[in-house]
Amino acid sequence: RAVRRAVRRAAVTLSLAWALTLGAVTWLLLVLAGPWALGSDSLAGAAAYLYAAASRICHQLPDRSFAIDEVQLPVCARCFGLYLSGAIGALLAWFGAPRPVRRARPLLVAFAIPTGLTWGLEAAGLAGLSNVIRALAALPLGGAAGWVFVRMLRYDADSNGREIHHSRTPARFG
């Protein structure tokens, strides 16, 4: 029974890691395809839903957003930087052995500093930054978050796998 639970936990945890990675990559591709889809007769309706969904998590201010062929992305430059690097970080977390992430919280806090600093400077009216700076400042946080979350899930799944291996009792004869 314990082995069955451990197998289930390992499978669910590994599935979550894959789902997080695929979700991050899919969301990034949807964000990039948004402007193109808006210009397509057959996909304009789906693109409208994409932009509406993105409006729930992003202000979508035109002057703070990148554009492709003069059509605004469904998220601002800062969000785009987070999603781009989050997808890359999640993908990179699949390389190498699944090891525990030491000091994950301090790591995430440190990598959030550029994003927080640029946001704070703009919110206080002390600086007007370009979209490139906003996106670049978000790259460390998104990349670290994607890498940490997927790496931790992989390690947890691997730990459950070791639990399964070590829980086997030797066969008894006689």
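This structure is a prediction, so every number in the text was calculated from the model and none was measured.

Right, let's talk about the overall build of the protein for a bit. Within the protein, the secondary structure is distributed over five helices and two strands. Moving toward the C terminus, one meets the helices and strands of the protein in the order α-α-β-β-α-α-α. At 21 Å, the protein has a C-alpha radius of gyration far larger than the 16 Å of a compact globule built from 174 residues. With the C-alpha coordinates of the protein rotated into their principal frame, the extents come out at 80 × 45 × 25 Å. Per-residue burial for the protein yields a buried fraction of 33% across its 174 residues. Relative to all contacts within the protein whose residues are 6 or more apart in sequence, the contacts with residues 24 or more apart total 71%. If you sum the accessible surface of the protein, you get close to 10,800 Å²; carbon and sulfur atoms cover 66% of it.

A separate point is the packing of helix α1 (residues 2-38) against helix α2 (residues 44-55). Following both chains from N to C, one finds α1 and α2 inclined at 130 degrees, their axes separated by 9 Å at the closest point. Between α1 and α2, the angle falls in the class oblique. Crossing angle aside, the handedness with which α1 passes α2 is left-handed. Facing α1, whose interface residues are Trp-27, Leu-30, Gly-34, Pro-35, Ala-37 and Leu-38, α2 presents Ala-44, Ala-47, Ala-48, Leu-50, Tyr-51 and Ala-54.

With that out of the way, let us pick up the pattern of salt bridges. Tallied over the full model, the rule gives three salt bridges. Glu-122 is paired through a salt bridge with Arg-64; the nearest N and O atoms lie 4.0 Å apart. Of this pair, Glu-122 sits in helix α4 (residues 104-123) while Arg-64 sits in the loop between α2 and β1 (67-68), placing them 58 residues apart in sequence. Glu-122 is paired through a salt bridge with Arg-134; the nearest N and O atoms lie 2.5 Å apart. Taken as a pair, Glu-122 in helix α4 and Arg-134 in helix α5 (residues 131-167) lie far apart in primary sequence, twelve residues in all. Judged by relative accessible area, Arg-134 falls into the buried class, the value being 6%. A single salt-bridge network, built from bridges that share partners, covers Arg-64, Arg-78, Glu-122 and Arg-134.

Here the focus is the nonpolar core. If you look at the biggest cluster of nonpolar residues, it comprises ten residues: Leu-28, Val-31, Ala-54, Cys-58, Leu-73, Val-75, Cys-76, Cys-79, Phe-80 and Ala-87. Those elements that place two or more of their residues in this core are α1 and α3 (77-92). Counting residues per element, this core draws most heavily on α3, at three residues. Residues in contact with Ala-54, not counting those within four places in the same chain, are Trp-27, Gln-60, Pro-74 and Val-75.

Attention shifts here to the packing of α1 against α3. Contact geometry for α1 and α3: axes closest at 8 Å, N-to-C directions at 145 degrees. Considering the relative orientation of α1 and α3, their crossing is left-handed. For the pair α1 and α3, the contacting residues are Thr-21, Ala-24, Val-25, Trp-27, Leu-28, Val-31 and Leu-32 in the first and Phe-80, Tyr-83, Leu-84, Ala-87, Ala-90 and Leu-91 in the second. Counted by class, the contact of α1 with α3 contains twelve nonpolar, one polar and no charged residues.

Its 37 residues give α1 an end-to-end C-alpha distance of 52 Å, which sits within 8% of 54 Å, the value for a rise of 1.5 Å per residue. For α1, the principal kink sits at Leu-32 and spans about 35 degrees; a proline, Pro-35, occurs within the next four residues. Every buried residue belonging to α1 is among Ala-6, Ala-10, Thr-13, Ala-17, Thr-21, Leu-28, Val-31, Gly-34, Pro-35 and Ala-37, and all of these are buried.

Here is what the cut-offs are and how they apply
- Residues numbered from 1 in each chain as written.
- Predicted model: local features only at pLDDT ≥ 70, side-chain atom pairs only at ≥ 80, totals over all residues.
- Heavy atoms only, no water.
- Helix = DSSP H or I, 4+ residues; strand = E, 2+ residues; numbered from the N terminus.
- Rg over C-alpha atoms; globule rule 2.2 N^0.38 Å.
- Buried < 20%, exposed > 50% of the residue type's maximum accessible area, 1.4 Å probe, protein only.
- Contact = heavy atoms within 4.5 Å.
- Areas by Shrake-Rupley, 256 points an atom, 1.4 Å probe, with all protein chains shown as cover.
- Axes fitted to C-alpha atoms, helices over the stretch in contact; angles between N-to-C directions.
- Parallel < 35°, antiparallel > 145°, perpendicular 65-115°, else oblique.
- Left-handed = near helix turned anticlockwise from the far one by under 90°.
- Salt bridge = Lys/Arg side-chain N within 4 Å of Asp/Glu carboxyl O.
- Core = buried A, V, L, I, M, F, W, Y, C linked by side-chain atoms within 4.5 Å.
- Nonpolar A, V, L, I, M, F, W, Y, C, P; charged D, E, K, R; others polar.
- Expected span 1.5 Å × (residues − 1).
- Bend = angle between axes of the 7 residues up to and from the residue.

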